[in-house]
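Topology and contacts: notes
Here is how the chains run, residue by residue.
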Amino acid sequence: MNIVRFEKVCKEYMLGAEHIQALKDIDLQIKEGEFLAIAGPSGSGKSTLLNLIGCIDIPSSGKIYINNVDTSGQTPDQLSALRARTIGFIFQTFNLFSVLSAEENVEYPLLQFKELSVAQRRERVTKFLDIVGLSKFGRHRPNQLSGGQRQRVAIARALATHPSVILADEPTANLDHKTGDGILQLMKAINEDNGTTFVFSTHDAKVMAMAGRLVRIEDGQLIHENAVMHA
Ligand code: ADP
Ligand code: ADP
C-alpha cells in the first residue's frame, strides 16, 4: 500500500515580494516498508518535502494523500490528529526536552493518546528504549547522554506512537561519521525487522548508499529516481 502519494505538488514561499519556488510538480509514491533516501544539496528542497509529507506544512498546489486520505480536505485540527497518529519525526538536532529524562521524552507524545493507560504508556517506553539499546539509560537527561544516544532516544520516541512512517531530516548531520553510521544501521535494522517505513534526507553519499531507494532533488525538482545505488 502507498503510505504517501504526491500528485503534481508545488510549494512556493513568499520572501518579501519575491516568490521562491521551493518544490515544482513533485510526483512521488512511498510504499509501506520502504527505506527511502531524499538526496540533494543544501537548499534543494529536502526539508520542504519532508515538512509536506509530515503535514507540518501544506502545498501551494497539487494533492498529498497520506494512507489514502486526501490531506487537502482536512482542517488544521484534523491534520494535527492525522500527523500525531501516522508520522514520527527525527531531527538533526534531536529536539529532546532537556529537563525530561530519556523515558519521559519517549513517553511525552503518548500523553495525547487518551486511550492508553499509564501502564500501557510505560510498557511502550520500556519496549522502545530497549529496541534502541538504551534500557539502562532511561533516567538520564539528554545532557547526560552522547549525541548518538540522544538520537536513539529520538528514534524510540518516534517509534513509540506506532507511526505509519518515520521522517528523518538529516538525522546524522550533527554526529561524527562512526556514530552517524550506527544511527543509520539502527534505522535500517528496525526497518528490516519490523517493516517500519523510513524516509530520510541527506547530502552524505555514504548515507545515500544505505537507502533501499533513492530520490534525488535539485532546485525543487525530482530529477532522478532509481533502485539502490552502491557508492
Ligand atoms: P534543503 O532542506 O534541501 O536545504 P529547503 O527545503 O530548506 O532545502 O529549502 C528549499 C528552498 O526554499 C530554499 O531556496 C530555501 O531558501 C527556501 N525556503 C525554505 N523555507 C522557506 C521559508 N519558510 N520562507 C522562504 N523561503 C524558504
Ligand atoms: P502490540 O500488538 O503488543 O501493540 P505489536 O508487536 O503488534 O505490539 O507492535 C505494535 C506496533 O509496534 C507496530 O506499529 C509495530 O510496527 C511496532 N513495533 C513492534 N516491535 C517493533 C520493533 N522491534 N521495532 C520497531 N517497531 C516495532
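Summary of the structure given here. (Residues numbered from 1 in each chain as written. Chains lettered and ligands numbered in written order. Predicted model: local features only at pLDDT ≥ 70, side-chain atom pairs only at ≥ 80, totals over all residues. Heavy atoms only, no water.)

With that settled, consider the site of ligand 1. Taken together, the residues surrounding ligand 1 are Tyr13, Leu15, Ile20, Ala22, Pro41, Ser42, Gly43, Ser44, Gly45, Lys46, Ser47 and Thr48. Here an oxygen atom of ligand 1 sits 2.8 Å away from a polar atom, N or O, in the side chain of Ser47. Computed on the free molecule, ligand 1 has an accessible area of 560 Å², of which 63% lies beneath the protein chains in the complex. For the shell around ligand 1, the leading source of residues is helix α1 (residues 46–53), giving three residues. (Near = heavy atom within 4 Å. Polar contact = N/O pair within 3.5 Å; in protein donor to acceptor, adjacent residues only side chain to side chain. Areas by Shrake-Rupley, 256 points an atom, 1.4 Å probe, with all protein chains shown as cover. Helix = DSSP H or I, 4+ residues; strand = E, 2+ residues; numbered from the N terminus.)

Lining the immediate surroundings of ligand 2 are Lys127, Phe128, Ile131, Leu159, His162, Ile190, Asn194 and Thr196. Side-chain polar atom of His162 to an oxygen atom of ligand 2: 3.2 Å apart, as the coordinates give it. Asn194 places a side-chain nitrogen or oxygen 2.5 Å from an oxygen atom of ligand 2. Relative to its unbound accessible surface of 540 Å², ligand 2 loses 49% to contact with the protein. Breaking the shell around ligand 2 down by element, the ones donating at least two residues are α4 (118–131) and α6 (177–194). For the shell around ligand 2, the element with the most residues is α4, which contributes three residues. Grouping the constituent residues of the shell around ligand 2 by class yields four nonpolar, three polar and one charged. (Nonpolar A, V, L, I, M, F, W, Y, C, P; charged D, E, K, R; others polar.)

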